[in-house]
Amino acid sequence: MSAPPMLEIRGLKKYFGPIRAVEDVSFQVAKGEVLGFLGPNGAGKSTTMKMITGFLAPTAGTAIVCGHDVETDPIAAKKRIGYLPEGAPAYPDMTPAAFLDFVGAIRGFDGAERADRVALAVDRAQLAGVLHQPIDTLSKGFKRRVGLAQALLHDPDVLILDEPTDGLDPNQKHEVRELIRRISPEKAIVISTHILEEVDAICSRAIVIARGRVLADGTPEALEKRSRWHHAVSVVTAAGEVPRLKALWNAHPAVAEFEVAEGEEGLAMLTAFPRGGAPMLAELGRIAREAGVRIDEIREERGRLDEVFRDITTKAA
């Protein structure tokens, strides 16, 4: 029998008067999963995160964290959660060292154990260089890392991260993603974001939410299959070869349509889109070779998550 999920969301709803911010959101996250919680601004992502972590009471529904109901057993549930809120609020006049020590005390740690946990969180978030500066003087990226350190300090089973790489430079983003990869096998992690590159980089599964409702749930690969670019074939060739290659490929029943992008130095990119998503790279490559068409580069497209995201969310508008 499979282990129960570390996080189970059951029918969460949140109404602010006539505004339905979240409408019947349900999902589960198992140990080892990194779930991307995707949606446009105003979709209900942060409101959902606040209800899961007990910062906001739901209109209906609940969250179960490692068997503990956030509504009826909040202390036990919150002990198992590490939460990085949107904006990562902290006391601006404190230093990261003082703030993390304060968080450790609130979490019930004392003495050498508290010092060890603070030191590990500082190392994980790479804060040593700013440890004794007032938080108010730190860059947005370092403030975000202070927030991440406090979320990790008590080594929680469930991590809820709201825009964890917001404000970080490319190197810092890479470091945070590597940290999430390292710790993910022993945790259930939810990353709320509108940045689609986060999904490709670290998520094993993704949920798309819009207007407070879950509209899609699957692996990044499964979502990419919904894109018209999935199994499309793109070639770089001489611009003068494009009409002949289009005529050759257009005769193949798997090809639905084409796009052409003009390049430099007399080159162009021709993309053939499949009918029904069927693979056709090998067949189209063979046709081009047998006809003697010059091909500088040929590749099969994976599918584009941004296109799927736009399609799902705009239809919900």
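Residues numbered from 1 in each chain as written. Predicted model: local features only at pLDDT ≥ 70, side-chain atom pairs only at ≥ 80, totals over all residues. Heavy atoms only, no water.

(A) Molecular detail of the overall build of the chain. In terms of helices and strands, the chain carries 11 helices and 14 strands. The principal-axis extent of the C-alpha atoms belonging to the chain is close to 75 × 45 × 45 Å. Here the chain holds 317 residues, and 49% of them are scored as buried. Once local pairs closer than 6 in sequence are excluded, the contacts in the chain between residues at least 24 apart make up 69%. In the chain, which carries 40 positive and 45 negative side-chain charges, the distance between the mean positions of the two groups comes to 4 Å. (Helix = DSSP H or I, 4+ residues; strand = E, 2+ residues; numbered from the N terminus. Buried < 20%, exposed > 50% of the residue type's maximum accessible area, 1.4 Å probe, protein only. Contact = heavy atoms within 4.5 Å. Lys, Arg positive; Asp, Glu negative; His and termini not counted. Charge placed at Lys NZ, Arg CZ, Asp CG, Glu CD.)

(B) Inspection of the environment of Gly39 at higher detail. Note that Gly39 resides in the loop between β3 (34-38) and α1 (45-52). Residue classification places Gly39 among the buried positions, given a relative accessible area of 0%. Between the alpha carbons of Gly39 and Leu196 there is a distance of 9.5 Å; along the sequence they are 157 residues apart. Setting aside its immediate chain neighbours within four residues, Gly39 contacts Lys45, Thr193, His194, Ile209 and Phe309.

(C) View of the packing of helix α5 (residues 140-152) against helix α6 (residues 170-183). Contact geometry of α5 with α6 gives a least axis separation of 12 Å together with a crossing angle of 10 degrees. Taken together, the axes of α5 and α6 lie roughly parallel to each other. Counted together, Gly141, Phe142, Arg145, Leu148 and Leu152 of α5 and Gln172, Glu175, Val176, Leu179 and Ile183 of α6 form the full contact between these two elements. (Axes fitted to C-alpha atoms, helices over the stretch in contact; angles between N-to-C directions. Parallel < 35°, antiparallel > 145°, perpendicular 65-115°, else oblique.)

(D) Looking closely at the environment of Val103. With respect to the element layout, Val103 can be found in helix α3 (residues 96-106). Taking the relative accessible area as the measure of exposure, Val103 reaches 10% and is therefore buried. Remark: the alpha-carbon pair of Val103 and Lys31, spanning 72 residues in sequence, is separated by 25 Å.

(E) Highlighting the domain arrangement of the chain. Here the chain is described as being made up of domain 1 (7-225) and domain 2 (233-301). Taken over C-alpha atoms, the centre of domain 1 sits 44 Å from the centre of domain 2. (Domains from an automatic or database assignment.)

(F) Geometry of the side chain of Thr271. On the secondary structure map, Thr271 appears in strand β13 (residues 267-274). Side-chain polar atoms of Thr271 contact the side chain of Ser234, separated by 2.8 Å. Sequence-distant contacts of Thr271, defined by excluding residues within four places in its chain, comprise Trp229, Ala232, Val233, Ser234, Glu257, Phe258 and Glu259. (Polar contact = N/O pair within 3.5 Å; in protein donor to acceptor, adjacent residues only side chain to side chain.)

(G) Examining the packing of helix α9 (residues 242-250) against helix α10 (residues 281-290) more closely. Direction vectors running N to C along α9 and α10 enclose 130 degrees, while the axes themselves pass 10 Å from each other. Classified by the angle their axes make, α9 and α10 are oblique. In the crossing of α9 with α10, the sense of the turn from one axis to the other is right-handed. Judged by residue contacts, Leu245, Leu248 and Trp249 of α9 engage Leu284, Ile287 and Ala288 from α10. Counted by class, the contact of α9 with α10 contains 6 nonpolar, no polar and no charged residues. (Left-handed = near helix turned anticlockwise from the far one by under 90°. Nonpolar A, V, L, I, M, F, W, Y, C, P; charged D, E, K, R; others polar.)

(H) Here's a closer look at a nonpolar patch on the surface. On the surface, a nonpolar cluster with roughly 310 Å² of combined accessible area is contributed by Tyr91, Phe102 and Ile106. With respect to the helices and strands, the residue Ile106 is situated in helix α3. (Patch = residues over 30% accessible without salt bridge, like charges linked within 9 Å, V, L, I, M, F, W, Y side chains within 5 Å. Areas by Shrake-Rupley, 256 points an atom, 1.4 Å probe, with all protein chains shown as cover. Salt bridge = Lys/Arg side-chain N within 4 Å of Asp/Glu carboxyl O.)

(I) Quick peek at the packing of aromatic side chains. Scanning all chains against the criterion turns up 5 aromatic pairs. Seen in terms of ring centroids, Phe55 and Tyr83 are 5.1 Å apart; in terms of plane orientation they differ by 55 degrees. Their pairing is tilted. Taken together, the residues Phe55 in the loop between α1 and β4 (60-65) and Tyr83 in strand β6 (residues 81-84) connect sequence positions 28 residues apart. Pairwise contacts between aromatic rings join Tyr91, Phe99 and Phe102 into one cluster. (Phe/Tyr/Trp six-rings, centres within 6.5 Å; stacked < 30°, edge-to-face > 60°.)

(J) Representation of the pattern of salt bridges. This structure, assessed with the given rule, holds 27 salt bridges. Among the ionic pairs, Glu197 bridges to Arg177, the shortest N-O distance being 2.8 Å. Separated by 20 residues along the polypeptide, Glu197 in helix α7 (residues 196-202) and Arg177 in helix α6 bring together distant segments of the chain. Classification of Glu197 by relative accessible area gives partly exposed; the value is 41%. A salt bridge links Arg302 to Glu224; the shortest N-O distance between them is 2.7 Å. In this pair, Arg302 sits in the loop between β14 (297-300) and α11 (305-316) while Glu224 sits in helix α8 (residues 220-224), placing the two residues 78 residues apart along the sequence. According to the relative accessible area criterion, Glu224 is buried, its value standing at 3%. Within the structure, one salt-bridge network assembled from shared partners comprises Lys13, Arg20 and Glu23.

(K) Examining the sheet that holds strand β9 (residues 205-210) more closely. Strand order across the open sheet formed by 6 strands is β6-β7-β8-β3-β9-β10, with mixed pairing between neighbours. Sheet topology places β6 and β10 (213-218) at the edges, where each strand pairs with a single neighbour. Taken pair by pair, the neighbouring strands of this sheet meet at an average axis angle of 15 degrees, ignoring direction. Here β3 runs beside strand β8 (residues 188-193); their pairing, made up of 5 bridges, is parallel. Counterpart to Gly36 in the pairing with β8 is Ile191. Along the sheet face, α5 touches β6 and β7 (158-162) and points at about 170 degrees away from the line of β6. (Pairing = 2+ DSSP bridges.)

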